[in-house]
Amino acid sequence: MKNNLSKNLKRLRKEENLSQEQLADLLGVSRQSVSKWETEDAYPEMEKIIFLCNEFNLNVNDLLNGDIYEIKHKNEAIKDIYKIIDKIVNFFVDLFSLFFKMTLKSKIRFIFELIFLLFVLGLIFFVLGEILSEIMVNLFYFVFPNKVYFIITSILSFIYYSIVST
C-alpha cells in the first residue's frame, strides 16, 4: 500500500491556509521537520500523526494511506445526506404533531381531503399516461419491426401499470 502522508500533509496544510512554519508551531516541531515530512525525507512520530488526525478529524489510515481530497468530499456528501434525512424526519414529526393536535372533526376532514387529493392526482396520472402511451405506441409502430414493437410496448405497459397500481 502506497504511503500518501507527504501528499496529504501538503493538502491539509494548504486547505487550512497554514504555512509550514505555522503547522510546525502547532505540532511543536521545526519548519524543517514539516518540510522533510512533505518531501518524504523523514516521517513524523506517532504522537504527531495522532495529533494531526485529531486536529483535522481523520483516522490514521486515511492520513497515511488515503486520499484526503476524496475523504473530505465523501464526508461532506455524507453530512449533506444526514441533513436531508434530518429534514425529512422533522417534517414527519411536525406533520404528526399537527395531526394529533387537531380535533376529531378536523382529522376526519383532513383524511377525506387527502383521499380525494390522491384520487384526483391518480386519475390525472392515469389519463396522461394513457394519452402518452397511445402516442408512444403509434410512434414505435412505425419505427420498429413487429417483434421489437411488441416487446417494447409490453415492457412500457408493464412499467406504467405497475406504477399506477401502487
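Keep in mind it's a predicted model, so treat the numbers as computed, not measured. (Residues numbered from 1 in each chain as written. Predicted model: local features only at pLDDT ≥ 70, side-chain atom pairs only at ≥ 80, totals over all residues. Heavy atoms only, no water.)

Novice: Can you tell me about the overall build of the protein chain, naming the residues and giving the values?
Specialist: The helix and strand tally for the protein chain stands at eight helices and zero strands. Going from the N terminus to the C terminus, the protein chain shows its helices and strands as α-α-α-α-α-α-α-α. A compact globule built from 166 residues would reach a C-alpha radius of gyration of about 15 Å, whereas the protein chain, at 30 Å, exceeds it by more than 25%. In the protein chain, which comprises 166 residues, the share counted as buried stands at 19%. Of the roughly 12800 Å² of accessible surface on the protein chain, 66% is carried by carbon and sulfur atoms. (Helix = DSSP H or I, 4+ residues; strand = E, 2+ residues; numbered from the N terminus. Rg over C-alpha atoms; globule rule 2.2 N^0.38 Å. Buried < 20%, exposed > 50% of the residue type's maximum accessible area, 1.4 Å probe, protein only. Areas by Shrake-Rupley, 256 points an atom, 1.4 Å probe, with all protein chains shown as cover.)

Novice: How would you sum up the pattern of salt bridges? Please name residues and give values.
Specialist: Counted by the stated rule, this structure contains three salt bridges. Between Arg 13 and Glu 38 there is a salt bridge, and its shortest N-O distance comes to 2.6 Å. In this pair, Arg 13 is assigned in helix α1 (residues 5-15) and Glu 38 in helix α3 (residues 31-38), connecting sequence segments 25 residues apart. Taken as a pair, Arg 13 and Glu 38 share a single burial class, namely buried. For Arg 109, the salt bridge goes to Glu 113, with nearest N and O atoms at 3.0 Å. Of the two residues, Arg 109 and Glu 113 are both situated in helix α7 (residues 104-143); the distance of four residues between them amounts to about one turn of the helix. The exposed category is assigned to Arg 109, whose relative accessible area is 58%. With a relative accessible area of 43%, Glu 113 lands in the partly exposed category. (Salt bridge = Lys/Arg side-chain N within 4 Å of Asp/Glu carboxyl O.)

Novice: Can you break down the packing of aromatic side chains residue by residue, with the values?
Specialist: Under the counting rule described, the total for this entry stands at four aromatic pairs. Ring plane angle 75 degrees and centroid distance 5.7 Å describe the contact between Phe 99 and Phe 100, whose orientation is recorded as edge-to-face. Lying across the ring of Phe 99, Lys 107 places its NZ or CZ 5.5 Å from the centre. (Phe/Tyr/Trp six-rings, centres within 6.5 Å; stacked < 30°, edge-to-face > 60°. Lys NZ or Arg CZ within 6 Å of the ring centre and 35° of its normal.)

Novice: Which residues make up the nonpolar core, and what values do they have?
Specialist: Counting residues in each nonpolar core, the largest one holds 17 residues, and the members touching the most others are Leu 9, Leu 12, Leu 23, Leu 52, Phe 56, Leu 58 and Leu 63. The residues touching Leu 58, leaving out its near neighbours within four places in the chain, are Leu 12, Cys 53, Leu 63, Ile 68 and Ile 71. (Core = buried A, V, L, I, M, F, W, Y, C linked by side-chain atoms within 4.5 Å. Contact = heavy atoms within 4.5 Å.)

Novice: So what's going on with the packing of helix α2 (residues 20-27) against helix α4 (residues 46-55)? Which residues, and what values?
Specialist: At their nearest, the axes of α2 and α4 sit 11 Å apart, and the two run at 105 degrees to each other. By the angle class used here, α2 and α4 are roughly perpendicular. From α2, Leu 23, Leu 26 and Leu 27 reach across to α4, where they touch Lys 48, Phe 51, Leu 52 and Glu 55. Looking at the contact of α2 with α4 residue by residue, the class counts come to five nonpolar, no polar and two charged. (Axes fitted to C-alpha atoms, helices over the stretch in contact; angles between N-to-C directions. Parallel < 35°, antiparallel > 145°, perpendicular 65-115°, else oblique. Nonpolar A, V, L, I, M, F, W, Y, C, P; charged D, E, K, R; others polar.)

Novice: Go over the side chain of Glu 38 with me, naming the residues and quoting the values.
Specialist: Using a relative accessible area of 5% as the deciding quantity, one classes Glu 38 as buried. Polar contacts involving the side chain of Glu 38 include one to the side chain of Arg 13, which spans 2.6 Å. One polar contact links Glu 38 to Gln 20, side chain to side chain, over a distance of 2.8 Å. Ignoring any residue separated from it by four or fewer positions in sequence, one finds Glu 38 in contact with Ser 6, Leu 9, Lys 10, Arg 13 and Gln 20. (Polar contact = N/O pair within 3.5 Å; in protein donor to acceptor, adjacent residues only side chain to side chain.)

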